[in-house]
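# Working through the structure, step by step
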Amino acid sequence: MIWAKEETLPREQLEEIQLARLKETARYIYEKVRPYREKMDEAHVRPEDVRTLEDLRRFPFTTKYDFQNNYPMGLFAVPRDQLVRVHASSGTTGKPKIVGYTRNDLKMWTNNVSRIACMGGATGHDIVQLCFGYGMFTGALGLHYGLENIGDLVMPTSSGNTKRQIMYMQDMGTTLLVATPSYALYLAEQAIGMGIDPKTDLQVKIGLFGGEGMTEPMRKEMHRLWGDDFMATQNYGMSELCGPGVAGECQELCGMHINEDWFIPEIIDSETGEVLPAGEKGELVVTCLGKEALPLIRYRTGDITRLMYEPCKCGRTTVRMENISGRSDDMLVVRATNVFPSQIEAVLGQVPEIGPHYEIIVDKKNHMDVMEIKVELIDDRLLDSYGALEALERRIRTQLRSVLSLDAVVKLVAPNSLKRFEGKARRVTDLRKDRE
Ligand code: DLL
């Protein structure tokens, strides 16, 4: 099912819509958002300079630092009483990036999510189990309203409590699963451990996955566990852009269609900022069209991908983006949560008992990401007292959880025991790729 006619428009018509909306967005942002106006003035670009889509290149980029510098709501274009929702995702330091929505923004968001749900095979008659954490993360409420909008029955089971999830799946006859791909694999294995074969004893036939990447080996594993006829698709989004609903894979499984009438993608060289020719790999930059609360022009996502303009067999004419193959910055995605090493450093810096040396190790255990942080003590006498050591580990863990919204294992180690670097310190070891 194709949800909106805009998904199949001839390219010229699509570009006409984009241009009209870009002109309006440039005018709106210049008028309403002071930090933008200042940046545009500095770059000597005015809203009326937009005559063709190519003119977008004249605009300055927006980055995560603009969120940091204008925390919490300095990039918003509407007064607080026009907002009806806010969400948040990790910022580079202790403070998150706050994103907001007006009533119209929510409508647009919901429709965009309905589109990607239909791309992945949702029908409007599905029984949905939604295993994203409900809260400030955009994933849960985004998918929730998008799926309700097409007529699906949504069970907001949220994350965790795997045995109960499996019980609901069995008793309620769940047919569509929304989760991170790693949690979907974990769920299947736990079900098998409980004597339930997902292939024959459960009715889940569609998996809408996102928030983190799903590699092809993971998709293969998905079929092994959930069955050959299981349709597992990837969905891309980002809180700053709205949340999920930016792009989704159709059942041809050849890249994620971008909802181009609302999002203009560009690929740039992240070193030079130059726009790269169509088909080349680089950093994805997105301009949001028509957003009221948080319009964004040329937002640097940090995600590395490639755009594919060749026609897709599904009938949609929108451009597709390849699976994300990395980041242009040091952000980690751990259990679909964005983690900047600088956030961890900021927490550790507040703890007087520990020194400046630490190591972050990210790995996979039972398909799920695990993060361990090794930190050097200043005084090794603490190692002699198990109780004091454990209490300190617990304290750091609690502080990290409150900043990262994520559980990490904290291991306190003896002074001078961590590796020292002569050049730039390599504090992060990501072992997840080796596990595939
Ligand atoms: O993860 C929005 C979302 C929720 C999309 C649920 C799809 C489904 P943030 O928490 O702001 O938003 O994280 C955004 O997560 O810049 C990517 O690095 C990563 N990411 C999201 N989806 C994918 C994906 C949501 N399908 C950041 N593949 C992005 C790879 C993904 N990375």
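Everything below is about the structure printed above this text.
The notes below deal with the structure included here.

Conventions used here
- Residues numbered from 1 in each chain as written.
- Predicted model: local features only at pLDDT ≥ 70, side-chain atom pairs only at ≥ 80, totals over all residues.
- Heavy atoms only, no water.
- Helix = DSSP H or I, 4+ residues; strand = E, 2+ residues; numbered from the N terminus.
- Buried < 20%, exposed > 50% of the residue type's maximum accessible area, 1.4 Å probe, protein only.
- Areas by Shrake-Rupley, 256 points an atom, 1.4 Å probe, with all protein chains shown as cover.
- Lys, Arg positive; Asp, Glu negative; His and termini not counted.
- Charge placed at Lys NZ, Arg CZ, Asp CG, Glu CD.
- Salt bridge = Lys/Arg side-chain N within 4 Å of Asp/Glu carboxyl O.
- Near = heavy atom within 4 Å.
- Polar contact = N/O pair within 3.5 Å; in protein donor to acceptor, adjacent residues only side chain to side chain.
- Core = buried A, V, L, I, M, F, W, Y, C linked by side-chain atoms within 4.5 Å.
- Contact = heavy atoms within 4.5 Å.
- Arc of directions from axis to C-beta.
- Pairing = 2+ DSSP bridges.
- Axes fitted to C-alpha atoms, helices over the stretch in contact; angles between N-to-C directions.

Turning our eyes to something else, we now look at the overall build of the protein. The number of helices and strands found in the protein is eleven helices and 21 strands. Considered along the principal axes of its C-alpha atoms, the protein spans approximately 70 × 60 × 45 Å. Out of the 436 residues in the protein, the part that is buried amounts to 53%. Carbon and sulfur atoms make up 50% of the accessible area of the protein, which totals about 19400 Å². The centroid of the 55 positive side-chain charges in the protein is displaced by 2 Å from the centroid of its 63 negative side-chain charges.

Quick look at the pattern of salt bridges now. What the rule picks out here adds up to 35 salt bridges. For Glu 6, the salt bridge goes to Lys 5, with nearest N and O atoms at 3.3 Å. Taking relative accessible area as the criterion, Lys 5 reaches 63% and is therefore assigned exposed. The partner of Asp 369 in a salt bridge is Lys 364, and the shortest N-O contact between them spans 3.1 Å. For Asp 369, a relative accessible area of 3% translates into the label buried. Where salt bridges share partners, they join Lys 5, Glu 6, Arg 21, Arg 115 and Asp 261 into one cluster.

The local shell around the ligand holds 24 residues, among which Gly 211, Asn 235, Ser 239, Asp 303 and Asn 338 are the closest. One nitrogen or oxygen atom from the side chain of Ser 239 is found 2.6 Å from an oxygen atom belonging to the ligand. In the complex, the protein chains occlude 97% of the 610 Å² of accessible area that the ligand would expose alone. Examining the composition of the shell around the ligand, we find that five residues originate from one element, strand E7 (residues 231-238), more than from any other.

Glancing now at the nonpolar core. Counting 71 residues, the largest nonpolar core has Leu 147, Val 178, Leu 241 and Phe 263 as its most contacted members. If you tally residues by element for this core, the top one is helix H4 (residues 103-119), at eight residues. Leave out the neighbours within four places in its chain, and Val 178 touches Val 128, Gln 129, Leu 130, Cys 131, Phe 132, Leu 143, Leu 147 and Leu 208.

Here the focus is helix H9 (residues 216-226). Taken together, the buried positions of H9 are occupied by Met 218, Arg 219, Glu 221, Met 222, Leu 225 and Trp 226. Looking straight down H9, one finds that the buried residues subtend no more than 160° of arc, so they occupy a single side. Of the residues flanking the end of H9, it is Gly 227, one or two places downstream, whose phi is positive at about 115°.

This next bit is on the side chain of Ser 90. Relative to the assigned elements, Ser 90 resides in the loop between strand E1 (85-89) and strand E2 (97-101). Within the local environment of Ser 90, its side chain forms a polar contact with the backbone oxygen of Asn 338, the two atoms lying 2.4 Å apart. Ignoring sequence-local partners within four residues, the contact set of Ser 90 consists of Pro 96, Lys 97, Thr 337, Asn 338, Phe 340 and Gln 343.

This part takes up unusual backbone geometry. The omega angle of the peptide bond from Tyr 71 to Pro 72 is -5°, so this bond is cis rather than trans. One can find Pro 72 in the loop between helix H3 (64-69) and E1. Phi is positive for Ser 158, close to 65°, though the residue is something other than glycine. Looking at the element boundaries, Ser 158 is found in the loop between strand E4 (153-155) and helix H6 (162-172). The backbone phi angle of Asn 366 is positive, close to 50°, even though this residue is not glycine. Residue placement: Asn 366 occurs in the loop between strand E18 (354-365) and strand E19 (368-377).

Checked against the element boundaries, Ser 114 lands in helix H4. Residues contacting Ser 114, with those up to four places away along its chain left out, are Trp 3, Gly 146, Asn 149 and Ile 150.

Moving on to the sheet that holds strand E12 (residues 299-305). Spatial strand order, E10-E11-E12-E15: four strands in an open sheet with antiparallel pairing. The two strands at the open ends of the sheet, each matched to only one other strand, are strand E10 (263-268) and strand E15 (326-327). Sheet topology places E10 next to strand E11 (residues 282-288); six bridges connect them, and they run antiparallel. Paired with Ile 268 across the two strands is Glu 283, which belongs to E11.

Turning our attention to the sheet that holds strand E5 (residues 176-179). The nine strands lie next to each other as E4-E3-E5-E6-E7-E8-E9-E14-E13, forming an open sheet whose pairing is mixed. The open sheet has two edge strands with one neighbour each: E4 and strand E13 (307-308). Pairing of strand E6 (residues 206-210) with E7, which is carried by five bridges, proceeds in the parallel orientation. From the neighbouring strand, Gly 210 faces E7, where its bridge partner is Asn 235. Against the sheet, H4 touches E6, E7, strand E8 (243-249) and strand E9 (256-258), its axis set at about 30° to E8. Relative to the sheet, H9 contacts E5, E6, E7 and E8, its axis offset from that of E7 by approximately 135°.

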